[in-house]
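What follows is the residue order along each chain.
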Protein chains: 8
Amino acid sequence: ARQGLPEIVYGPGKRVSEIAGIVTALLGRNTGPVLVTRVEPGTAGEVRALVAGGAYDPDARLLVWRPARPVEHTVAVVTAGTADGPVAAEAAAVASALGLRTVVVRDVGVAGLHRVLAAADDLRAADSVIVVAGMEGALASVVGGLVETPVIAVPTSTGYGAALEGVTALLAMLTSCAAGLTVVNIDSGFGAALAAYRLTRRTCR
Amino acid sequence: ARQGLPEIVYGPGKRVSEIAGIVTALLGRNTGPVLVTRVEPGTAGEVRALVAGGAYDPDARLLVWRPARPVEHTVAVVTAGTADGPVAAEAAAVASALGLRTVVVRDVGVAGLHRVLAAADDLRAADSVIVVAGMEGALASVVGGLVETPVIAVPTSTGYGAALEGVTALLAMLTSCAAGLTVVNIDSGFGAALAAYRLTRRTCR
Amino acid sequence: ARQGLPEIVYGPGKRVSEIAGIVTALLGRNTGPVLVTRVEPGTAGEVRALVAGGAYDPDARLLVWRPARPVEHTVAVVTAGTADGPVAAEAAAVASALGLRTVVVRDVGVAGLHRVLAAADDLRAADSVIVVAGMEGALASVVGGLVETPVIAVPTSTGYGAALEGVTALLAMLTSCAAGLTVVNIDSGFGAALAAYRLTRRTCR
Amino acid sequence: ARQGLPEIVYGPGKRVSEIAGIVTALLGRNTGPVLVTRVEPGTAGEVRALVAGGAYDPDARLLVWRPARPVEHTVAVVTAGTADGPVAAEAAAVASALGLRTVVVRDVGVAGLHRVLAAADDLRAADSVIVVAGMEGALASVVGGLVETPVIAVPTSTGYGAALEGVTALLAMLTSCAAGLTVVNIDSGFGAALAAYRLTRRTCR
Amino acid sequence: ARQGLPEIVYGPGKRVSEIAGIVTALLGRNTGPVLVTRVEPGTAGEVRALVAGGAYDPDARLLVWRPARPVEHTVAVVTAGTADGPVAAEAAAVASALGLRTVVVRDVGVAGLHRVLAAADDLRAADSVIVVAGMEGALASVVGGLVETPVIAVPTSTGYGAALEGVTALLAMLTSCAAGLTVVNIDSGFGAALAAYRLTRRTCR
Amino acid sequence: ARQGLPEIVYGPGKRVSEIAGIVTALLGRNTGPVLVTRVEPGTAGEVRALVAGGAYDPDARLLVWRPARPVEHTVAVVTAGTADGPVAAEAAAVASALGLRTVVVRDVGVAGLHRVLAAADDLRAADSVIVVAGMEGALASVVGGLVETPVIAVPTSTGYGAALEGVTALLAMLTSCAAGLTVVNIDSGFGAALAAYRLTRRTCR
Amino acid sequence: ARQGLPEIVYGPGKRVSEIAGIVTALLGRNTGPVLVTRVEPGTAGEVRALVAGGAYDPDARLLVWRPARPVEHTVAVVTAGTADGPVAAEAAAVASALGLRTVVVRDVGVAGLHRVLAAADDLRAADSVIVVAGMEGALASVVGGLVETPVIAVPTSTGYGAALEGVTALLAMLTSCAAGLTVVNIDSGFGAALAAYRLTRRTCR
Amino acid sequence: ARQGLPEIVYGPGKRVSEIAGIVTALLGRNTGPVLVTRVEPGTAGEVRALVAGGAYDPDARLLVWRPARPVEHTVAVVTAGTADGPVAAEAAAVASALGLRTVVVRDVGVAGLHRVLAAADDLRAADSVIVVAGMEGALASVVGGLVETPVIAVPTSTGYGAALEGVTALLAMLTSCAAGLTVVNIDSGFGAALAAYRLTRRTCR
Ligand SMILES: Nc1ncnc2c1ncn2[C@@H]1O[C@H](COP(=O)(O)O)[C@@H](O)[C@H]1O
Ligand SMILES: Nc1ncnc2c1ncn2[C@@H]1O[C@H](COP(=O)(O)O)[C@@H](O)[C@H]1O
Ligand SMILES: Nc1ncnc2c1ncn2[C@@H]1O[C@H](COP(=O)(O)O)[C@@H](O)[C@H]1O
Ligand SMILES: Nc1ncnc2c1ncn2[C@@H]1O[C@H](COP(=O)(O)O)[C@@H](O)[C@H]1O
Ligand SMILES: [Mg+2]
Ligand SMILES: [Mg+2]
Ligand SMILES: [Mg+2]
Ligand SMILES: [Mg+2]
Ligand SMILES: [Mg+2]
Ligand SMILES: [Mg+2]
Ligand SMILES: [Mg+2]
Ligand SMILES: [Mg+2]
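Residues numbered from 1 in each chain as written. Chains lettered and ligands numbered in written order. Predicted model: local features only at pLDDT ≥ 70, side-chain atom pairs only at ≥ 80, totals over all residues. Heavy atoms only, no water.

K.L.:
Give me the lowdown on the side chain of Thr168 of chain C, citing residues and values where you can.
P.N.:
In this structure, Thr168 of chain C sits in helix 7 (residues 167-174). Take Thr168 of chain C: its relative accessible area is 1%, and that puts it in the buried class. Leaving out residues up to four positions away in the same chain, Thr168 of chain C has contacts with Met135, Ala162 and Ala163 of chain C together with Leu171, Ala172 and Thr175 of chain D. (Helix = DSSP H or I, 4+ residues; strand = E, 2+ residues; numbered from the N terminus. Buried < 20%, exposed > 50% of the residue type's maximum accessible area, 1.4 Å probe, protein only. Contact = heavy atoms within 4.5 Å.)

K.L.:
If you had to explain the site of ligand 4 to someone new, which residues and values would you point to?
P.N.:
Inspection of the region around ligand 4 gives Thr82 and Tyr160 of chain E, Cys177 and Ala179 of chain F together with Ile8, Val9, Tyr10, Lys14, Thr37, Arg38 and Phe190 of chain G as its neighbouring residues. Between a nitrogen atom of ligand 4 and a side-chain N or O atom of Tyr160 of chain E, the distance comes to 2.4 Å. Here an oxygen atom of ligand 4 sits 3.4 Å away from a polar atom, N or O, in the main chain of Cys177 of chain F. Coverage of ligand 4 by the protein chains reaches 78% of its 500 Å² of free accessible surface. The biggest single contributor to the shell around ligand 4 is strand 1 (residues 7-10) of chain G, with three residues. (Near = heavy atom within 4 Å. Polar contact = N/O pair within 3.5 Å; in protein donor to acceptor, adjacent residues only side chain to side chain. Areas by Shrake-Rupley, 256 points an atom, 1.4 Å probe, with all protein chains shown as cover.)

K.L.:
Can you break down the site of ligand 2 residue by residue, with the values?
P.N.:
Close to ligand 2 lie Thr82 and Tyr160 of chain A, Cys177 and Ala179 of chain B together with Ile8, Val9, Tyr10, Lys14, Thr37, Arg38 and Phe190 of chain C. Residues lining ligand 2 come from chains A, B and C. For ligand 2, a nitrogen atom lies 2.8 Å from a polar atom in the side chain of Thr37 of chain C. Look at ligand 2: alone it shows 500 Å² of surface, and the protein chains cover 78% of it. Class assignment for the residues of the shell around ligand 2 results in seven nonpolar, two polar and two charged. (Nonpolar A, V, L, I, M, F, W, Y, C, P; charged D, E, K, R; others polar.)

K.L.:
Pulling in residues and values, what's your account of the relation of the copies chain C and chain B?
P.N.:
Put simply, the two copies of the chain differ by a rotation about an axis and a shift along that axis. Under the fitted operation, chain C is carried onto chain B by 0.0 Å of movement along the axis and a turn of 180°, and the coordinates agree to an RMSD of 0.0 Å. On this basis, the relationship between the two copies can be described by a two-fold rotation axis. The overlap is high: 100% of the interface residues of chain C also sit at the interface in chain B, so the same surface is used on both sides. (Least-squares fit on C-alpha atoms with pLDDT ≥ 70 in both.)

K.L.:
Can you explain the interface of chain C and chain B? Please cite residues and give values.
P.N.:
Residue-level contacts link 36 residues of chain C with 36 residues of chain B. Summing both partners gives a buried area of about 3,100 Å² for chain C against chain B, and 53% of it is carried by carbon and sulfur. Between the two partners, chain C and chain B, sit two salt bridges. The shortest N-O distance in the salt bridge between Arg201 of chain C and Glu148 of chain B comes to 2.6 Å. Of all the secondary structure elements, the ones that give two or more residues to the side of chain C that touches chain B are helix 5 (120-125), helix 6 (138-146), strand 8 (151-155), helix 7, strand 9 (182-183) and helix 8 (189-203) of chain C. With nine residues, helix 8 of chain C is the single largest residue contributor to the side of chain C that touches chain B. Taken together, the residues of the side of chain C that touches chain B break down into 18 nonpolar, 11 polar and seven charged. (Buried area = accessible area lost by both parts, 1.4 Å probe. Salt bridge = Lys/Arg side-chain N within 4 Å of Asp/Glu carboxyl O.)

Structure representation (structure tokens):
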């Protein structure tokens, strides 16, 4: 793979035969993990019938061949509400497939601070935190103030009206009063997991 | 005044003589308070020289004649950071001039939750809360979850880049996960104070 | 419930079994009302079959268990046009379930002023007013000038082209020349009802 | 002039000598009115010193040579608030210079309906109405419902925050619930006057 | 009808029985035309079965009862391209139902100037012109320079990408270098026809 | 220079000594032209005092050392209005310095079609056309239909309100109904000249 | 055809009979190529059954009658990723039908620079380059620095979230640090091909 | 300091006495570094006269008291062009004050790939990379493909027109085809440095 980064195929818009062909080629070209993101169950089944050894996670909509060996890095994936679940599932499944230990903390939106405060120790125990939140994305600011490790914020396209399909959460996270947060694209659990993976490249050897 | 609402003049773009003329006319037309907002100190001095009885608050940039009798309603004005100060000052001064008791709680931005948690009792003791916050405006969501009384959120144009001159805070407050928040225009301490004043019209007699 | 606020579940994206599970848990955890918003009739029927005691309002798409005792607060819900009906129904039904007395005034858009003027006495008699309007949202400004009590404006996503799915009405309401209006998210009858509910927490005891 | 339309020069960005040269050329090329818009007083004085016969209106910032003969058409120019004054002055002065009779009705913003209702007869007596309003621009909707003649709405860049420098008023006027309104560019008193002038070309002979 | 304006019902979102009820009520309340816009053929047939005397134009998707007596005013409706056809049909049909004579000139987009130049005499012969154009909307500027009568520009949501569903054409028409154009909402053939109708109220008696 | 493209320095934000240093270095590194764009007269004088052989064009705000040998390619630079002049001057001066023959056609905005039609033969005689236009940018569409050679459209930030500082012209040019237009950044006379220069690299040897 | 440009019909929204009628008319009016873009396979088959001699390219969704004679100009069409394929296919097929020689270079996105560097010689050998890229569109900047011939950038609507349906790639290409790039509308393979065709009009005789 | 994060004061809008007071308080409250960002030279001098021991970096506009002990982490700060310099200086100076080793690589914009390729070894040798780039921000994508360590992208507000004051670079970086990039606010060298600092909290002990 280019620069040691894992091979990850973007599933949407590709036919079963195309995905199978790309995966087969990648499996032959190197020895690391091969992932396909955003694959619906039906497609996943057909691809797995063509390329042996693949596992499918329906919540994450992720296909994985040859998951990576575990590394010494725990990433906590924390969500604000129910609707953020699928994006968090993608983040956690991709991170796991790349060898990170993952802990998922659900539904700790800031309208009830006790929930996020109850999770603070778990968040502080992790080596990094991925915050998945839609609407106004305030959870990222609160988590950013609770931990001193890297925080990767993923805005989600949940909500309606002024939520602007995730743009509001994106902008809010970028202007967070919690210093040193970083942000990835709307709904990109994939991007957050890769950012967490990069954290492990220099420091976990 | 129309519908019992107080007479409030918007200062910018009006000459000293115009302001003095309007204030004089309003003082003669009824017996309630007359306010002029967003007046610079120099202008304020000149207007006061022309129309007796006016008081000027330089932090709030507010001119007041005949402040209202106190009503039984305490509004807490809470800010996220230093830069939100002038807007909060306008909100507090207008509310005071209209007869509300005001309590100001400063700099409790959510990146340090202990500060807002320390203020929770004060906020809960008030009859309503005005939250003044820029950047991502997350303080409004947190306060909205801490109190059950009316919360009026004022986005401010502080910050840079993705803060988009207050639009990000505005959108974030409108999509807050804390239910039943209401929002007024960017930087409108005035609007928030009037909204608080309306709260007193039916229920504080 | 957190801070005395009622428990309200957001229906979209949740399966029948999930909704039933959450409602059952909430009914057991405290003694107040439990609501589920934006539920389609089919889903509502299935949930009610699983959790006894629920009532369904198809216009408001609202499920209610244990509606609150009445409080001494009348909220008027006023709409500009036919298309604003469903949002107004949600506002009125949620407010009713939370114990407020509701009066609905329909189709008084400002292109025919006689209609809103005819309703002025009803609006003034209420303790607060929720204005539901799309397109240019001018009704909020007119109502804001007619009453001195709290006005909560709900922009709706009706209209086409320059209506920008409710963004135009939202912006217009935020810059209204009627002082002290407050605004909630586009199409959020729910948010307006909760804001009205907050009005009753301190002043109606 | 092209298609019988009057010759109107846009002043900003042109030097005194350029303006004088263009005006002189236009005065020689035909016999109708020649106007220069958005000219500051200093520049106006210098141009008039170079090209005889010009009149200057400082409120409208308009230079006029050879105003047109009166036509049988009265246009009412109505404003919502003080800040809309300069745009209304431009509209009225350009319309007058092109021969229309103009009536100006000031400060009838809809937060106090009695003012616009008091003006209704004057507005209905006119052959067309230019509505100049900023912020949420609701006055255009109300006037559009009061008269059956052509209504030309001019959004202004007054206000702050969510007023978005006139864009909110523009969008609101375009989606007005009052049918058959037409709209011109933000702050374009000039454009509205020309639109009114076009009304007179076929019907006032 | 309010202020002499005709009664026009907006069809989308209304059930057959609702439309029939409203139309019946309006037919009884006064003696002028009653129109329903944006009605699909199936709905139209069912409504006509319930309320006698209605005519349906499938291109315009318009239902009409009691069309108005002809007035002495010809409006030319001109389109840039094929895709602008349905909006032009709505404009022409509504204008006709309100008594205006209509002339339709099709497909004279400015990429081939000979076509619009060939139509110039027809456009100049009309009392007013409605220009229907999407994409960059340049046809409005060209027509505005060809005629001296009122020009009402209707941006359409045709095109893709940077056309932004009609917003580009809308903005372009508002900033047209042809003076005195007026603009209505995106795709609002209805709005343009009503604007043309207003032209006839004072001047065609 | 990289890939045979000329060396062009962007002036704003650089001190006189920095510009002089960069130019001196570039003059030594190869033998082609060296240009500095957007230089104010005072700065230009000081730089020329430090680096011999430079020429300055104040209309284009361009500094040139070692202009290129002429190539066999004529580019016509055409503007819609007076305000587009400086951008056109930059385009023409940069193109000339790079060896192209340039013809400038001014003020042929489409509100008076006779002007652009009168220029049609000049435009067709050129090997390429740069169209500089602000506001609605309709001139690009008209020119694109008049010539069959490459057309490079430069939107300018002239106009106000809905012109959105050039964004409207930019979007309009991108959606032009004249096929095969290409567009560069707002106000980028420089970018258009470089695009014209690229036209000569393969075909003018 | 107008100004020697080929006749190209935009397929969407036209019925089979309409397309067939237009094509037949165009074939009779002149002797050059006739194209119809964005035609689905079913429609294409029916049109070809009505108008003899047409060829259909399903990847490009293009119908062609009487393709042009080859000219001495090679255009390279280069894509960043798999999802850009259909737009590139349209560009290549339209260019071929107009007589240009086309070379397609696929999937050389800049996250793996070796791929685009490996293609550099092919790109430099062409007379012009069309770059098709979505997401951040960085490939256009890299290619613009590799070749000195005309570069036409086509942003595509691939990606999600902050990709904003192609607007991000569009803006990025317009502000590219590679000088002299030109840009066409989002997803407009058609527009890029026509721009390439214009390159051949003066210089390939 | 909260959660072990360093104390950093935002300078703009604060008076000399306010800054001095805050710094003095923070120096007394704990033992770590105290920084003030975005301070102009004059203000910096006055503050340093009031609070001993401070150092000022005029390029970074940064005041520092008690810089942190070095940690074992090298961050490379890489810029695309000259205009990105001040933001890079802020990033580097804040990172240094927090104890990170910093390497600055300047002006390797992708229009000349040889420059960034020449720097590839330096970038790969670092533990993390901060990419500072404006305009289209393509450098972030290229660097993201060259290294496998964490990449923090800072969009800058350089450029004009379609650069939209940094919004284009921001959006482009968020949609980068290089997987696992993270992004901070426009012009926020400060935010990038803090994000790099967070990288050191768990892994460099
Ligand atoms: N869910 C995802 N979101 C965004 N990018 C992805 C996703 N999954 C894979 N990718 C990226 O897509 C590129 C592969 O695209 P493709 O060639 O279409 O498979 C790689 O650069 C991956 O890093
Ligand atoms: N119609 C609605 N619109 C917006 N928020 C809602 C709505 N209904 C419930 N909520 C809120 O959604 C949250 C519950 O979300 P969930 O955990 O998905 O049920 C609570 O904070 C509610 O206040
Ligand atoms: N096609 C249309 N576009 C916009 N507004 C319309 C249209 N047809 C009718 N209207 C307006 O819609 C309002 C009636 O709405 P409704 O009460 O829903 O029938 C009236 O003000 C009409 O002028
Ligand atoms: N794929 C396309 N994208 C944009 N414009 C096109 C496309 N195909 C054809 N056109 C243009 O559409 C116009 C023809 O439109 P129409 O009259 O609807 O066939 C011509 O100006 C063509 O240049
Ligand atoms: Mg959230
Ligand atoms: Mg804040
Ligand atoms: Mg409305
Ligand atoms: Mg107004
Ligand atoms: Mg068009
Ligand atoms: Mg122009
Ligand atoms: Mg790409
Ligand atoms: Mg850059």
